[in-house]
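The residues making up each chain are set out below.
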Amino acid sequence: MQVDIIVLGAGAAGLFAAIEAGRRGRRVLVVDHARAAGEKIRISGGGRCNFTNLDIRAEAFLSQNPRFALSALKRFTQWDFIARVDAAGIAWHEKTLGQLFCDGSAKQIVAMLLDDLAAAGGQLWLETELGAVTRAEQGFRVDTSRGPVQAASVIVATGGKSIPKMGATGIGYRIAEGFGLPLVETRPALVPLTLADQVLEPLKALAGTAVDGRASAGRTGFDEAMLFTHRGLSGPAILQISSYWREGRRRCALDLARGQDAAVGLRRLRQENGRVALRTALARHVPDRLARYLEGTSGSAGQSGRSEQCRAGPAGGAGARLYADTRGQRRLSHRRGDAGGRGYRCAGRQNDAGQGCAGAVLHRRGGGCDGLAGRVQLPMGLVFGMGRRSGGLNLIMMIM
């Protein structure tokens, strides 16, 4: 078979590229091994597809070349795609932070793209395995389970390794390596953070608890929801910061009471009520279940005392501590995407420096947040407690 362009991958990028090429008069063929096109579109946004964002800007994209996204975003904006969605009669709504979702189903976006592909004259081969991609006298030869295809150009839109249960593979990386193209080492992106079983055991009571917090690594931070899960931490803020955190190289700080100065609240509570239970004081800033957990961790469950006693301090103060080996913090099977372009060692292995540690402690007196984090000596770890940041008292979780 002879075409002008063969597109490898029938996801969002592949379908969109094929549509544009077809509209420019090219003979286009899209090939994918999946049974249906746009499978990741279908599951995105909880089945409603968060198809764009009102605040798209180049600096929000991660790349070794910070200007890489400028050209594409200037030539095709979010408003251009919104216009296409409107033209297709798809109703949508805005959620938090400018995110746009379908009112109905993500399948509407898939149907729109397939209709546009057909209207542009493009062909689609599904359930078709890809073989070798090689240079030919005129363009390229792509071997498939339906036979070889000759094309003047090849567009590789196979995606990364994220969500392998849906058929994701690293074939795009292999094709690039076959043509001698340099690759950047991959790592999971937009993923939950997982903790070792020994750490999760005492945290099981928090599974399902959500807080409106801030996750930060270095100078980058995200103010969104965080969720304790049966495996660790998830939620929008965690997924975002996972792209910036480096295991064993950069700390991740989770402010569990974003925008609140706990010190002011605790002092006011003491002035108004005198002696109060610690969970009562903390419940002003975090969900009751988390407040009760922190109280139990501090060793003061069921006790009453002056709320001013709950201050930032070093790890040597009151409270039970939980330390355990930390396994892989991010898992390939749950990640939403890849960063970089080379294979990644699956989660579950220790980092290069050996075993890490994780701990949970409620700090009461003395010192500041720097002292709190400095108590973790091994390369990876978790400190769960209270620490001073920016002159106030905040509920801080540190992941190292």
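The following refers to the structure shown.

Of the regular secondary structure elements, the protein holds 12 helices and 20 strands. When the 400 residues of the protein are sorted by exposure, 45% land in the buried category. Surface summary for the protein: the accessible area is close to 20000 Å², and the carbon and sulfur share equals 48%.

Bringing the packing of helix α1 (residues 12–23) against helix α5 (residues 107–119) into the picture now. Axis separation between α1 and α5 bottoms out at 8 Å; the angle between their running directions is 25°. In terms of orientation, α1 lies roughly parallel with respect to α5. The hand of the α1/α5 crossing is left-handed. Contact residues: α1 offers L15, F16, A18, I19 and R23, while α5 offers L113, L114, D116 and L117. Classifying every residue of the contact of α1 with α5 by side-chain character gives 7 nonpolar, no polar and 2 charged.

Our next topic: the side chain of S243. The topology assignment puts S243 in the loop between α8 (236–241) and β15 (252–255). Sequence-distant contacts of S243, that is, excluding residues within four places in its chain, are made with L62, R187, A189 and L190.

What follows concerns the packing of aromatic side chains. Within the structure shown, the criterion is met by 6 aromatic pairs. Summarising the aromatic geometry, the rings of F16 and F81 are spaced 6.3 Å apart at their centres and angled 45° between planes, so their arrangement reads as tilted. Pair noted here: F16 is in helix α1 and F81 is in helix α4 (residues 78–87), with a separation of 65 residues, a long-range link. Using a relative accessible area of 12% as the deciding quantity, one classes F81 as buried. Three or more aromatic residues link up through ring pairs in this structure, and these residues are F16, F51, F76, F81 and W92. The side chain of K95 reaches across the aromatic face of F101, ending 4.8 Å from its centre.

Our focus in this paragraph is the pattern of salt bridges. With the rule as written, the count across this model stands at 11 salt bridges. Here E59 and R57 are joined by a salt bridge, their closest N and O atoms 3.5 Å apart. Overall, the relative accessible area of 59% leaves E59 in the exposed class. Here R214 makes a salt bridge to D223, at a shortest N to O gap of 2.6 Å. We classify D223 as partly exposed; its relative accessible area is 36%. A single network of salt bridges, built from pairs that share partners, joins E20, R23, R84 and D116.

This part takes up unusual backbone geometry. Positive phi, normally seen in glycine, also occurs at C49, with a value near 60°. Looking at where C49 falls in the secondary structure, it is placed in the loop between α2 (39–43) and β3 (50–53). You will see that I163, though not glycine, has its phi angle at about 55°, which is positive. Here I163 is to be found in the loop between β9 (149–156) and α6 (171–178).

Right, let's get into the state of the cysteines. Under the counting rule described, the total for this entry stands at 0 disulfides. C49 takes part in no disulfide bond, and the closest cysteine sulfur, belonging to C102, lies 5.2 Å away. Relative accessible area serves as the criterion here: at 5%, C49 is assigned to the buried category. You can call C102 buried: its relative accessible area is 0%.

Cut-offs used in this document
- Starting afresh in each chain, residues are numbered from 1 along the sequence in its written order.
- Totals for whole chains, interfaces and linings use all residues, but because this is a predicted model, local features are given only for residues with pLDDT of at least 70 and pairs of side-chain atoms are given and counted only at 80 or more.
- The side-chain quantities take in all heavy atoms of the structure and omit both hydrogens and water.
- Numbering of helices and strands starts at the N terminus; helices are DSSP runs of H or I of at least 4 residues and strands are runs of E of at least 2.
- With a 1.4 Å probe rolled over the protein chains alone, any residue whose accessible area is under 20% of its type maximum counts as buried; one over 50% counts as exposed, and the rest are partly exposed.
- Note that accessible areas follow from Shrake-Rupley with a 1.4 Å probe, and for residues the cover is restricted to the protein chains shown.
- Where helices are involved, their axes are fitted lines through C-alpha atoms of the stretch in contact, as for all axes, and angles between N-to-C directions lie from 0 to 180°.
- An angle counts as roughly parallel when it lies under 35 degrees, as roughly antiparallel when it exceeds 145, as roughly perpendicular when it falls between 65 and 115, and as oblique in every other case.
- Rotating anticlockwise by less than a right angle from the far helix to the near helix defines a left-handed crossing, while the corresponding clockwise rotation defines a right-handed one.
- Whether two residues touch is decided by their heavy atoms; if any such pair falls within 4.5 Å, the residues are in contact.
- Amino acids are sorted into nonpolar (Ala, Val, Leu, Ile, Met, Phe, Trp, Tyr, Cys and Pro), charged (Asp, Glu, Lys and Arg) and polar (every other residue, Gly among them).
- Pairs were defined over the aromatic rings of Phe, Tyr and Trp, the Trp ring being its six-membered one, requiring ring centres within 6.5 Å. Orientation was assigned from the angle between planes: stacked under 30 degrees, edge-to-face over 60, tilted for the rest.
- Criterion for a charge above a ring: Lys NZ or Arg CZ within 6 Å of the ring centre, and within 35 degrees of the ring normal.
- The term salt bridge refers to a pairing of a side-chain nitrogen on Lys or Arg with a carboxyl oxygen on Asp or Glu at a separation within 4 Å.
- Cysteine sulfurs are considered disulfide-paired once they come within 2.5 Å of each other.

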